[in-house]
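# Overview (structure and organization)
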Amino acid sequence: MSTRLTRGGRLIDRTAAVEFSFNGKRMRGFHGDTLAAALLANDQMLVGRSFKYHRPRGIVASGPEEPNALVNLGSGARLEPNQRATTTELFDGLECTSQNHWPSLEFDVGVVNNHVSRFLPAGFYYKTFIHPRPFWKHVFEPIIRRSAGLGKAPTQPDPDRYEQAYAFCDVLVIGAGVAGLKVAKAAADAGQRVILLEQSPTLGGRAPVDQTEVDGQPVETWLSAMEADLAARDNVTIRTRTCGFGVYDHGYVLADERVADHTPGDGRPKHRLWRIRAGRIVSATGAIERPLSFAGNDIPGVMLASAVRDYVVNYAVSPGDRTVIVTNNDSAYQTALALKAAGLDVPAILDAREAADGALPQAARAAGIRVLTGKAIARVKGTKRVTGVAICAQAGEGAVQEEIACEAVAMSGGWSPVVHLFSHCGGKLLWDETISAFIPDPARPPLNHDGSAMVECVGAAAGDLDLTGTPVAIPPVWVMPQGAPIQLRSKMWLDYQNDVKVSDVELASREGYVSVEHTKRYTTLGMATDQGKLSNINGLSVLAETLGQEIPQVGTTTFRPPYTPVTIGALAGEARGEIFQPLRKTPMHAAHEKAGAYFEPVGLWRRPYCFPRPGETHEQAVHREVLNTRQNLGLLDASTLGKIIVKGPDAGKFLDMLYTGVMSTLPVGKCRYGLMCNEQGFLIDDGVVARIDEDTWLCHTTSGGADRIHAWMEDWLQCEWWDWQVYTANVTEQYAQVAVVGPNARKLLQVLGGMDVSKEALPFMHWADGTLAGLPARVYRISFSGELSYEIAVPASHGAAFWAACTQAGKALGAMPYGTEALHIMRAEKGFIMIGDETDGTVIPQDLGLDWAISKKKADYLGKRGQERTFLASPDRWKLVGFETLDGSVIPDGAYVIAEGVNANGQRNTQGRVTSTYYSPTLKRGIAMGLLKHGPARMGEVVEFNTVAGGTVKARVRDTVFYDKDGEKQNV
Amino acid sequence: MKRYSVFAIAREAARYHMGWERAWASPEPKPAYEVIIVGAGGHGLATAYYLGKNFGITNVAVVEKGWLGGGNTGRNTTIIRSNYLQDSSAAIYEKARSLYETLSQELNYNVMFSPRGVMMLAQTHHEVRGYLRTAHANALQGVATEFITPQRVKELCPILNIDGPRYPVLGALWQPRGGTGRHDAVAWGYARACSAMGMHIIQNCEVKGVRSENGQVTGVDTTKGFIGCKKLGLVVAGHSGQLAEMAGFRLPIEAVALQALVSEPIKPCMDVVVMANTVHGYMSQSDKGEMVIGGGTDGFNNYTQRGSFHHIEETLRALVETFPIISRLKMLRQWGGIVDMTGDRSPLISKTPLGNCFINCGWGTGGFKAIPGSGWAMAELMAKGEPGPLAAEFNMWRFKEGRFIDESVAAGVAH
């Protein structure tokens, strides 16, 4: 059984006991333990079930490469699925449960898949579940979905918060092992700003476990001196528990700091996402040990040799009293020595090599350990935990020569440098024959903008597996034994989590899925949560062997970020709930809230849709607001309207290009309605332009369009007409704007007092500066409702006061506020178009009967040539008309005008569609505008609109102005 | 071609699966073919398949620079839907969707078409009106969609937050027979069926030049030498511009990076596909349990198959807001693909200025769902030399006439 040793454990604090639970079972560990170490210390060898066959799974590694020991961590809103036990720091009260089994970890029904695994090879699901057709959706897929999937989804919103932060440095070192620490110190000595990231809580990497000395000093001495040195420097920042997980173009690195994973609920952010821009990136990310492929290598108790060493040395955890070592290189001998030193038994070291005479093998022999060279494991005995191994010759086919009882197997198939960060942005790899591994090719690194290397690797990440610089040789051993028959190869696991075996890769190869990407996708090799950290190299070497190719010819799959999975909350950051996106409020917002407004989102703005009174529906409120505005006085908060100042000697010329009409000739003091099109000719925005002075114009845009149109202006000025002297400023938020609308509009302004707003002083489509209610005001005499109307702009800081003044003074005149829906209805009654309703990116002004707003004299404007193309100039285009239903009802939103017959694709022909459709409280009937083929020539004709229910609505074609055709109401 | 079935698996299991044959052959190129398709992605392979199936043309080679299905076919978020607004779009996407319904049976390869339903959320009044319009259009186009209430949205997808403070859900356009498929399997299934008809799929064979005489195509220079043909189909998505240049013409196409990501696998928690265009994000859950997530395109052109990370952050921000439970899941893998965008964001299935050279490209961010319909229409165009009704509107000269097929109203962002 695995257990805690009575002495040792460099990372644990035996004075600080910690209680936790696994599957409801209470257990004890120490401060400093990882969850995996604590589980092993409690003899919890079985920790989960695999994805496909539901085979028993135990801890195999000691770091982020762990494929098996994934748990549901926490409960309720703090449940976190697929948490790796090997990187989870133990804390008091930790609760976790194992995954992917039913009804329990010990007795999992899903293990039936294991018993029939021969019928479930790689890709079996592509070859079956085909008939009968409805069964895929209703039977097969639900079963597959339920048996797959590992952890449970949380059911409640995340109560934790996450931060994001920026950092800049000259040198970013990722990985604080000996190699990384040395680079950091050298850069710091040179006066550079250094950031050093380390994914684990402690510095030093593997050195404290694997080395006795660094640079002639005892490793712990060297390490404490180095830590103290770096900590004392102002130009060095060390971040532990921080994983540099992705390298992006231009020296951009993302790192995930696990701030409070080990102290949940303490008020600190759970994670912090670091966005780092670095002058130089150094990947000191070390190497990961590879498993060996032998039959039964997935049984709980079979672990990486380095992991066994880590558990013994760092946590004083024994994986079992008797551990057999199996290896193809010297490093695993360290495990044997560490176990021996801890007083544990190592019955044998099985070395696949014919000879093992290095310093470590000699030391092992000297320690009395039995070393068998040229040997391999024929198979591991046991089901839910290892009970022994059967030994055979590596050169043979698996004939058992001896059986040894043991409780654990420590394996080492060599080491793979962690080249992920080097590869994220296109760094290329070399196959190193000496250590049988891919190493970064220093001649083909990822590049900076200037062609220099963006990422360099040092230490084990660069293939230098020994700190002292002693060359290490690791012969390739991809299958054990070499001549293993299919019966054994179909029991050799490559990917423990996804259940991909040597035989599966061979099957993929046999079936022609020979591109390494095909093999991966067909077998799911390397697609598990460890993203192939343990399995990829072993898998592709098997593939290479089946193809008779060299490994570098086969190549690797692409290394993609993130290096280890990153919590989505950390990537989303603080922006959630109320601050998900900024909320824009007009200066009068509080007054609207007080008045009981029902708001609708318009871009990031909130605008009152209507102001329902107690007992009123929204519809009733809207109708009341329309009628009151038409009969008395309405007040609209128009502050969201886009306002862009365009100024400069060439401003007139610029606006003449931007708008379809002429703005350069507009006299100071007057307003003109303008249309903007894109280069294709399609209408993109409209609004009233006012000329402020000789070289200044104020352009009103739609509420949703202000930012877009400002960017559009700058695009042309910066990219195309950069030599024109024009300056733009988006002043939308600098002004509050109120539309005072209705027969009593002038009276209200007269009551407010301060300037002459008479018909003579301020005619229609004019503007004037002055004072109203004691506040500086700019008054535009324009109308979007057909009523007598003024739009008054005041500085934003006066908006609330001005609104209050209007409301107060308006009481006697029957004033009521109205919202966007009443605005829409009134403009539709007058036949005014609305961008986004009458337009959808495919409509030109000519379609809408707006030819009058297009200059015939101008040589050019944006969209002119687009509109001259045959399809846009065609007389057959759908054009704007009005519609009245025969029965007075409202045409459904989005309905099409149907035509006879079907087209070549069998679709019903259409000849038009509705663009705006409302119940008009003024006319007490449904009114609509829409586009109709040859529309203006078809006045009086009755057409049919479709409904989604399959019916039709009959309507008569008419002109678009339903109300006050002669403009008598606005021109008073 | 040996048929795949549960019985075949049982038979093979007895001999440890040693008897399976190659899914598709790996031949050396012949000196010439009747038809060469450049690009062994889904669209190219489907074109070849329907050339054989519908027109009996099997003297076909599909040449591929890398590995088949390795471009956008193997990089997308596998959504299949046809709730498009414009008639010509709805026609070809619905043709594709209806072919997906029976594709597994037809190819004898399980492409895992899962008609679990696709909903597109309406989160502004403007979006409500837009989707109502699409629903009316779809009713006339023979595409089964409906506009559903927020309550129904919640029933269909309980993990959705319909009361978000910024963009509450006001309804959704629901296509019950939309869904997902297994993207790789679509390419593999077509490849196997093409190979069974005697067509040659030639991987690791890059086209370096297009040869012509008297304005008619005569073949292609490749890394495996010259291969002659009577007809040439260019079906290479993001690299269409380069192939067109070899063929001597220019295309109204630009290439931008589009990104996607998956979470770690979890047990089933979402049975439908949800697209939230106002906040820019979409999500579904794969059969493995991963949450499959896609977002927006980069604002600049490039060919690197990597995108700008802030798009990933924006997408996740939007989706955490829409699906609060995903906050504690982890992003397992992110990647990018190069999408080929036309001016109206609709594809080209077209003759070209070069005689007997045809092009199929411009599927932009939504090509996977179109594969069977696209192949069907392209095969008809190549076999007859003139487009059939499905491809008619998608010719490359429509930009000259201003005859746009603009889906921006309905499709908002990426697909």
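Residues numbered from 1 in each chain as written. Chains lettered and ligands numbered in written order. Predicted model: local features only at pLDDT ≥ 70, side-chain atom pairs only at ≥ 80, totals over all residues. Heavy atoms only, no water.

## Considering the sheet that holds strand β43 (residues 767-772) of chain A
Residues and elements named next belong to chain A. In space, the six strands of this open sheet follow the order β43-β44-β45-β42-β36-β46, with mixed pairing throughout. With partners counted over all chains shown, the strands left at the sheet margins are β43 and β46 (815-817), one partner each. Put simply, the sheet's adjacent strands are angled 25° from each other on average, direction ignored. Sheet topology note: the β43/strand β44 (residues 775-780) ladder contains six bridges and is antiparallel. Looking at β44, one finds that Leu772 is bridged to Leu775. (Pairing = 2+ DSSP bridges. Helix = DSSP H or I, 4+ residues; strand = E, 2+ residues; numbered from the N terminus. Axes fitted to C-alpha atoms, helices over the stretch in contact; angles between N-to-C directions.)

## Section: the side chain of Ser306(A)
By the element assignment, Ser306(A) lies in helix α8 (residues 305-315). Judged by relative accessible area, Ser306(A) falls into the buried class, the value being 5%. (Buried < 20%, exposed > 50% of the residue type's maximum accessible area, 1.4 Å probe, protein only.)

## What to know about the interface of chain B and chain A
With 107 residues of chain B in contact, the opposing surface of chain A contributes 125 residues. A combined buried area of about 10,400 Å² lies between chain B and chain A, and 55% of that area is made up of carbon and sulfur atoms. Counting every contact that joins chain B to chain A gives twelve salt bridges. Ionic pairing is found between Asp184(B) and Arg521(A), a salt bridge with its closest N-O pair at 2.8 Å. Along the contact surface separating chain B from chain A lie 68 residue pairs in polar contact (both at pLDDT 80 or more). The element best represented in the side of chain B that touches chain A is helix α5 (residues 125-141) of chain B, accounting for eleven residues. (Contact = heavy atoms within 4.5 Å. Buried area = accessible area lost by both parts, 1.4 Å probe. Salt bridge = Lys/Arg side-chain N within 4 Å of Asp/Glu carboxyl O. Polar contact = N/O pair within 3.5 Å; in protein donor to acceptor, adjacent residues only side chain to side chain.)

## Digging into the packing of helix α2 (residues 42-55) of chain B against helix α10 (residues 371-384) of chain B
Residue and element names in this part refer to chain B. One way to put it is that α2 packs onto α10 with a least axis distance of 7 Å and a crossing angle of 55°. Considered as vectors, α2 and α10 are oriented oblique to each other. Crossing angle aside, the handedness with which α2 passes α10 is right-handed. Facing Gly42, His43, Ala46, Thr47, Tyr50, Leu51, Asn54 and Phe55 of α2, the residues of α10 in contact are Ile371, Pro372, Ser374, Gly375, Trp376, Met378, Ala379, Glu380, Met382, Ala383 and Lys384. (Parallel < 35°, antiparallel > 145°, perpendicular 65-115°, else oblique. Left-handed = near helix turned anticlockwise from the far one by under 90°.)

## Topic: the UniProt feature "domain: SoxA A3" (unreviewed entry) in chain A
Mapped onto this numbering, the UniProt entry gives "domain: SoxA A3" (unreviewed entry) at residues 490-573 of chain A. In the segment residues 490-573 of chain A, helix accounts for 45% and strand for 8%; the C-alpha atoms at its two ends are 45 Å apart. (UniProt positions renumbered as here; feature names shortened; annotations may be inferred.)

## As for the sheet that holds strand β40 (residues 696-701) of chain A
Residue and element names in this part refer to chain A. Taking strand neighbours across the sheet as the criterion, the five strands line up as β38-β39-β40-β37-β41 in an open arrangement whose pairing is antiparallel. Whereas interior strands pair on both sides, the edge strands pair on one side only; in this sheet they are β38 (671-677) and β41 (727-730). Put simply, the sheet's adjacent strands are angled 30° from each other on average, direction ignored. Summarising the sheet, strand β37 (residues 642-647) and β40 pair through six bridges and their orientation is antiparallel. Of the residues in β40, the one forming a bridge with Lys647 is Thr696.

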